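Each chain, written out:
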Amino acid sequence: MPIQNISTPLPHAQPMEPTDPNSLFAMAVESVNSACGVIQAPDFVKAIVSQPKNELMVHFPVMMDDGHYRLFKGYRIQHNNILGPYKGGIRYHPDVSLDDVKALSVWMTMKCAVMRLPFGGAKGGIKVDPRQLSPTELMRMTRRFTSALGGNIGPEIDIPAPDVGTNAQIMDWMMDTYLNTHQEGRQQGMLHVVTGKSVGCGGSEGREKATGQGLCYVLLELLPEFRLKPAGLRLGILGFGNVGSHTAQALAAHGAKLISVMDHTCALRNIHGLPIPELRRHVQQTGALAGFTASGLEVIDRESFYRTEVDVFIPAALERMIDEAEAKWINARVIAEGGNGPVTPAGAEVLRQRDIALLPAILCNAGGVTVSYLEWVQNKAGVHWELSRVDRELQQTIVLAARRVRLAAHQYDTDLSTAAFCVAVEHVTRAYKQRGIFP
Ligand code: NAD
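Residues numbered from 1 in each chain as written. Predicted model: local features only at pLDDT ≥ 70, side-chain atom pairs only at ≥ 80, totals over all residues. Heavy atoms only, no water.

## Examining the pairing of strand β2 (residues 69-80)
Part 1 of the reasoning: Sheet topology note: the strand β1 (residues 54-63)/β2 ladder contains 10 bridges and is antiparallel. Across the sheet, Pro 61 pairs through a bridge with Leu 71, a residue of β2.
Part 2 of the reasoning: Counted along the chain from β1 to the antiparallel partner β2, the turn is five residues long, and its residue Gly 67 has a positive phi close to 95 degrees.
Part 3 of the reasoning: Where β2 lies against strand β4 (residues 121-127), six bridges are found, and the strand directions are antiparallel. What sits directly across from Tyr 75, in β4, is Gly 125. (Pairing = 2+ DSSP bridges. Helix = DSSP H or I, 4+ residues; strand = E, 2+ residues; numbered from the N terminus.)

Okay, here's the thing in structure tokens:
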């Protein structure tokens, strides 16, 4: 069939857009839709990406340490796989909901497309506070969830990774459960069913710091656009977990200073720079920023944290943390989204009016999935690369993506955030046009 027939709108390809304007999924679809408008993507592409391909919801019982059973709710949303197997994190958090997981799966498709990784987009999670579970309960819940996902995940089907509330240990348990319940997995050693594993279980060097390291490379590439330099760059970071702390550390190696930081327990400031290694050690030992002491340290309130003057503000916590009020308070030249979906549409509008540039998460935090891809490649090939090689591959991939985004911003005369979605949608559209739609 000629390609031009495929690119004409399908007669019934109506987008199924979410109607609740406060939903994160509506936000994600809107960001894709506006890019579709800019690049004039065919209607059928807009329709296809407006909903996930598969939505899996599972309920499963787990025995707690005291002998009683608790029922858990888990999700795996597979948004799109035109570019390759589904790929995306697993989140353990009490606020995990179908709507949010769907949104995060859309962004995964877009992120992999911007980076030109041969992956589609997915996301999953369990509605649970992992801090309330013992290690053995956490292990049983993870194994039971993995078994409930069954053949819906797999090394060439859908490859989970860590996200908020999960880590390398959880990924090791997922991989082990999969291999023990799939004959072909045991035969062929399909370690690459999951990425973000510990190095001893087939994980990649550099995966743990990858998202922060990638954000650092993106900023080094794009800072000149804003007449900023890494040396002396003042940072404000919201969230000091995996992404926030590794971003701070990576940028500090280029001379940046962490001026202010906030997590779910408190906000801290030192206009001369906070001691990053000591902060990281404190959070590793206690789980939070609260209780940290150092000379020259100010403990500040939430509003003062947002109002603190910095050059780059990095939200690296949960979604929707910059709404209208926070967008009015922020005192920065650039916001680099370390976390997913941190800015609401109302917040984005205020930032636009205030001429504060927004660097989008699908570019800024793509270092994680990029090194996940490198882990997948290493597992498939049965090799283990040195950290220097992983860092080099990550840098090349993410810097090229940042350049593509900058070019698209000039080409379409739009902001960098819209440009990133344009780059992603163009790539997805090209694949649909070339492959066509089955049958
Ligand atoms: P994490 O659990 O390691 O850290 C989350 C941080 O957010 C913690 O410091 C926590 O205290 C803080 N936080 C939570 N609620 C808060 C609140 N109400 N106010 C202030 N701070 C709050 O999680 P992470 O892995 O660093 O992920 C953070 C974000 O980055 C998420 O949006 C995640 O989806 C995204 N992300 C993570 C990775 C990765 O590799 N870890 C990759 C891509 C995207």
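Structure shown, so let's carry the discussion forward.
## Details of the environment of Trp 107
Part 1 of the reasoning: Mapped onto the fold, Trp 107 is located in helix α4 (residues 98-115).
Part 2 of the reasoning: Residues Trp 107 and Gly 121, 14 residues apart in the sequence, show an inter-C-alpha distance of 7.2 Å.
Part 3 of the reasoning: Contacts of Trp 107, omitting those with residues within four sequence positions, involve Leu 24, Met 27, Ala 28, Ser 31, Asn 340, Gly 341, Ile 362 and Phe 421. (Contact = heavy atoms within 4.5 Å.)

## Considering helix α17 (residues 416-435)
Part 1 of the reasoning: Compared with an ideal rise of 1.5 Å per residue, which puts 20 residues at 28 Å, α17 spans 29 Å between its outermost C-alpha atoms and is within 8% of the ideal.
Part 2 of the reasoning: Most of α17 is tucked away: 15 of the 20 residues are buried.
Part 3 of the reasoning: Two residues or fewer past α17, Gly 436 is found with a positive phi of approximately 80 degrees. (Expected span 1.5 Å × (residues − 1). Buried < 20%, exposed > 50% of the residue type's maximum accessible area, 1.4 Å probe, protein only.)

## Looking at the site of the ligand
Part 1 of the reasoning: Taken together, 23 residues lie near the ligand, and Asp 163, Thr 211, Phe 240, His 264 and Asn 340 sit nearest.
Part 2 of the reasoning: One nitrogen or oxygen atom from the side chain of Arg 91 is found 2.9 Å from an oxygen atom belonging to the ligand.
Part 3 of the reasoning: In the environment of the ligand, an oxygen atom lies 2.6 Å from a nitrogen or oxygen atom belonging to the side chain of His 264.
Part 4 of the reasoning: Protein contact buries 82% of the 830 Å² of open area that the ligand shows by itself.
Part 5 of the reasoning: Each residue belonging to the shell around the ligand can be placed in one class, and the counts come to eight nonpolar, 10 polar and five charged.
Part 6 of the reasoning: If you count residues domain by domain, the shell around the ligand takes at least three from each of domain 1 (52-191) and domain 2 (210-359). (Near = heavy atom within 4 Å. Polar contact = N/O pair within 3.5 Å; in protein donor to acceptor, adjacent residues only side chain to side chain. Areas by Shrake-Rupley, 256 points an atom, 1.4 Å probe, with all protein chains shown as cover. Nonpolar A, V, L, I, M, F, W, Y, C, P; charged D, E, K, R; others polar. Domains from an automatic or database assignment.)

## Overview of the packing of aromatic side chains
Part 1 of the reasoning: Applying the stated criterion across every chain yields a total of 10 aromatic pairs.
Part 2 of the reasoning: Ring geometry for Phe 119 versus Trp 376: centroids 5.0 Å apart, planes at 70 degrees, classification edge-to-face. Here the residue Phe 119 occupies a position in the loop between α4 and β4, and Trp 376 occupies one in helix α15 (residues 367-381), the gap between them amounting to 257 residues. Each member of the pair, Phe 119 together with Trp 376, is buried.
Part 3 of the reasoning: Judged by centre distance (5.5 Å) and plane angle (70 degrees), the rings of Phe 305 and Tyr 306 are edge-to-face. The exposure classification of Phe 305 matches that of Tyr 306, with both residues buried.
Part 4 of the reasoning: A network of ring pairs unites the aromatic residues Phe 305, Tyr 306, Phe 313 and Trp 329 as a single cluster. (Phe/Tyr/Trp six-rings, centres within 6.5 Å; stacked < 30°, edge-to-face > 60°.)

## Topic: the domain arrangement of the protein chain
Part 1 of the reasoning: Domain annotation of the protein chain identifies domain 1 (52-191) and domain 2 (210-359).
Part 2 of the reasoning: In this complex, domain 1 contributes 10 residues to the contact, which on the side of domain 2 involves six residues.
Part 3 of the reasoning: Roughly 610 Å² is buried in total at the junction of domain 1 and domain 2, and carbon and sulfur atoms are behind 42% of that figure.
Part 4 of the reasoning: Ranking the residues of domain 1 by area buried against domain 2 places Arg 91, Asp 100 and Trp 107 at the top, with a combined share of 46%.
Part 5 of the reasoning: Where domain 1 packs against domain 2, one counts two salt bridges.
Part 6 of the reasoning: Measuring nitrogen to oxygen at the nearest pair gives 2.9 Å for the salt bridge that ties Arg 91 to Glu 319.
Part 7 of the reasoning: Between domain 1 and domain 2 we count four residue pairs in polar contact (both at pLDDT 80 or more) in total.
Part 8 of the reasoning: Elements with a contribution of two residues or more to the side of domain 1 that touches domain 2: β3 (86-93) and α4. (Buried area = accessible area lost by both parts, 1.4 Å probe. Salt bridge = Lys/Arg side-chain N within 4 Å of Asp/Glu carboxyl O.)

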